[in-house]
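Structure at a glance
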Amino acid sequence: MSDNFSTKLSFYKEKVVISTVIFLCLLLSVTFPVSDSIQSISRSIFFLIILPILYIKLISKETLSSWGWIKPNKISGLFLSLILLALGSVLFFLLIRFVGFSSHYQVPLFAKNSFADFLLYELFFLNVYFFSQEVFFKSFVLFAFKQFSAWAVLIQSGLYLLVLLISKDLSWQTTPFIFISLAGGWLTYKTKSFFYSYFFGLLFIITLDAYIISLAK
């Protein structure tokens, strides 16, 4: 009985510690002062990627592969990614067609100027932001609560939604990322690799942005 109690106590202490680290990383990633977009990107990289990796390596003393850093090489994962990409395309086509989503969702003006500017925005600015989000929520948060099985998907997605609510960023603009949070979380849970979610989500956003731009012309 005492061994069982000690095991449970150790488990909950671990969850309290990592929950505290998650909270601090999120808080600092939003509140740490920055003066331009480059510093904002650097802030996201440090608090959402570097600090979680340091926690995994130095505190948990585990390999990154046990936290979802596994190269995507399974046909089943690719198949699931394509299904979710198709599902997301249909869902947002319906939102554009019947709810007027395209009038509420904005692609930055400079990204509309040329294809080169579009690629710069999607593959650098958006990509770095999105990758940091994926590392933090799909790797760090989801695998921190992997003992709760599929509930870990809802935990990381619910936390992302809470961050949007607190930061007052819950809007049509973040709707695609909310979809990716749920769909990508489930994809990560099934494949044990957050890279599937990252590639699926990035491709989905690029496709959506390109379609939104085409509608405006």
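Check the entry above for the structure.
Below is a summary of the structure that appears in this document. All of these numbers come straight from a predicted model, not from anything done at the bench.

Before going further, it helps to spend a moment on a nonpolar patch on the surface. Taken together, the side chains of V90, F93, L94, F98, V99, W172, Y211 and L215 present a nonpolar region at the surface, about 750 Å² in accessible area. If you list the elements that add at least two residues to the nonpolar patch, you get α3 (75–98) and α7 (194–215). Counting residues per element, the nonpolar patch draws most heavily on α3, at 4 residues. Summarising the element assignment, V99 is placed in the loop between α3 and α4 (115–144). What makes V99 partly exposed here is its relative accessible area of 43%.

A few words now on helix α6 (residues 175–191). For α6, with 17 residues, the first-to-last C-alpha span of 24 Å sits near the 24 Å given by 1.5 Å per residue. Of the positions making up α6, those classed as buried are P176, F177, F179, I180, S181, A183, G184, G185, L187, T188 and T191. Buried residues in α6 make contact with α3, α4, α5 (151–166) and α7. In the segment just after α6, K192 is the residue with positive phi, at about 65°.

Cut-offs and rules
Residues numbered from 1 in each chain as written. Predicted model: local features only at pLDDT ≥ 70, side-chain atom pairs only at ≥ 80, totals over all residues. Heavy atoms only, no water. Patch = residues over 30% accessible without salt bridge, like charges linked within 9 Å, V, L, I, M, F, W, Y side chains within 5 Å. Areas by Shrake-Rupley, 256 points an atom, 1.4 Å probe, with all protein chains shown as cover. Salt bridge = Lys/Arg side-chain N within 4 Å of Asp/Glu carboxyl O. Helix = DSSP H or I, 4+ residues; strand = E, 2+ residues; numbered from the N terminus. Buried < 20%, exposed > 50% of the residue type's maximum accessible area, 1.4 Å probe, protein only. Expected span 1.5 Å × (residues − 1). Contact = heavy atoms within 4.5 Å.

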